[in-house]
Amino acid sequence: QVQLVESGGGLVQTGGSLRLSCAASGSIVSINAMGWYRQAKGKQRELVAAITSGGSTNYADSVKGRFTIARDNAKNTVYLQMNSLKPEDTAVYYCNGPELTTRGFASWGQGTQVTVSS
């Protein structure tokens, strides 16, 4: 079983910054591709940013230039630096990867709440 533990969320004002962390542990098959996802109330979960073990990154248009994904392969940890936060970034943020288990994605962790006040 794979465990995903997200942390670093909180309440910030518009324009503020937060740094999220996600630690993966357990019976990991492959941690090559990892991503940060978010789910706002009443909306579907969406991919925000992704990174490969080689460092290639991909971002949703809505966060390009504001968010930066990074990883520490030795620690099986992925980070999301979020700058210039907007109220529309308010959501629960999760991490996961499509190859973590033999079935693909791992079970979702508890996520970390990010709330941006206007």
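Report follows, based on the coordinates. (Residues numbered from 1 in each chain as written. Predicted model: local features only at pLDDT ≥ 70, side-chain atom pairs only at ≥ 80, totals over all residues. Heavy atoms only, no water.)

Description of the environment of Glu 99
Stated formally: To qualify as a helix, a DSSP run of H or I must reach at least 4 residues; to qualify as a strand, a run of E must reach at least 2; elements of each kind are numbered from the N terminus. Residue contacts follow a heavy-atom distance rule, with two residues in contact if any of their heavy atoms lie within 4.5 Å.
Here Glu 99 is to be found in the loop between strand 9 (91-96) and strand 10 (112-117). In sequence terms Glu 99 and Ala 50 are 49 residues apart; their C-alpha atoms lie 13 Å from each other. Excluding residues within four positions of it along the chain, Glu 99 makes contact with Val 29, Ser 30, Asn 32, Ala 33 and Gly 104.

So, the sheet that holds strand 6 (residues 57-59)
Note the threshold: Any two strands are treated as partners once DSSP identifies two or more bridges connecting them. To get an axis, a line is fitted to the C-alpha atoms, and for a helix only the part in contact is used. The angle between two axes follows their N-to-C directions and goes from 0 to 180 degrees.
Ordered by their spatial adjacency, six strands build an open sheet running 2-10-9-4-5-6, and the pairing between neighbours is mixed. In this open sheet, the two strands that pair with only one neighbour each are strand 2 (10-13) and strand 6. Neighbour-to-neighbour, the strand axes of this sheet turn through a mean angle of 25 degrees, independent of strand direction. In this structure, strand 2 lies alongside strand 10, joined through four bridges in parallel fashion. The residue of strand 10 that forms the bridge with Val 12 is Val 116.

Concerning unusual backbone geometry
Note: most residues except glycine have negative phi, and most peptide bonds are trans. The line we're drawing: Buried, partly exposed and exposed residues are distinguished by accessible area as a fraction of the type maximum, computed with a 1.4 Å probe on protein chains only: under 20%, between the cut-offs, and over 50%, respectively.
The phi angle at Asn 76 is positive, at roughly 50 degrees, despite the residue not being glycine. Topologically, Asn 76 is positioned in the loop between strand 7 (67-72) and strand 8 (77-82). Judged by its relative accessible area of 26%, Asn 76 is partly exposed. Located in the positive-phi region is Ser 84, a residue other than glycine, with phi close to 50 degrees.

The quantities given are spatial measurements derived from coordinates; they are silent on function.
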